[in-house]
Amino acid sequence: MHPLFGLLMSAVGLFMLISGRLKSDFIIYKLMIARSKMLWGENVHRFYQVVGVILIIVGILAALGAIW
């Protein structure tokens, strides 16, 4: 797997983590929340925080070549 893909995945995870933590008003985050709120309800921000952390970890492992 190309290291750039791992870094990109980590950047997306960081975006999700920060946006979930700050409950951002950024348009892309609002669109993601609108779709997820039906399933997760008020826990949608916590969901994106957890997914962000998981994406960061997997992205770092992919960039280092530890997986894939």
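These numbers come from a predicted model, not from an experiment.

This part covers the packing of helix α2 (residues 27-40) against helix α3 (residues 44-64). As a packed pair, α2 and α3 sit with axes 9 Å apart at the nearest point and diverge in direction by 110°. One finds that α2 runs roughly perpendicular with respect to α3. Where α2 crosses over α3, the handedness of that crossing is right-handed. Contacts between α2 and α3 involve Tyr29, Met32, Ile33, Ser36, Lys37 and Trp40 on the former and, on the latter, Val44, His45, Phe47 and Tyr48. Along the lines of polarity and charge, the residues of the contact of α2 with α3 split into seven nonpolar, two polar and one charged.

Glancing now at the side chain of Ser19. Looking at the element boundaries, Ser19 is found in helix α1 (residues 3-22). With residues near it in sequence (within four places) discarded, Ser19 still touches Ser24 and Tyr29.

For the rest of this paragraph, the subject is the nonpolar core. In terms of nonpolar packing, the biggest core is built from five residues, these being Met16, Tyr29, Ile33, Val44 and Tyr48. Looking at this core, the elements that each hand over two or more residues are α2 and α3. Once residues within four sequence positions are removed from consideration, Tyr48 is found in contact with Met16, Leu17, Tyr29, Met32, Ile33 and Ser36.

Conventions adopted
- Residues numbered from 1 in each chain as written.
- Predicted model: local features only at pLDDT ≥ 70, side-chain atom pairs only at ≥ 80, totals over all residues.
- Heavy atoms only, no water.
- Axes fitted to C-alpha atoms, helices over the stretch in contact; angles between N-to-C directions.
- Helix = DSSP H or I, 4+ residues; strand = E, 2+ residues; numbered from the N terminus.
- Parallel < 35°, antiparallel > 145°, perpendicular 65-115°, else oblique.
- Left-handed = near helix turned anticlockwise from the far one by under 90°.
- Contact = heavy atoms within 4.5 Å.
- Nonpolar A, V, L, I, M, F, W, Y, C, P; charged D, E, K, R; others polar.
- Core = buried A, V, L, I, M, F, W, Y, C linked by side-chain atoms within 4.5 Å.
- Buried < 20%, exposed > 50% of the residue type's maximum accessible area, 1.4 Å probe, protein only.

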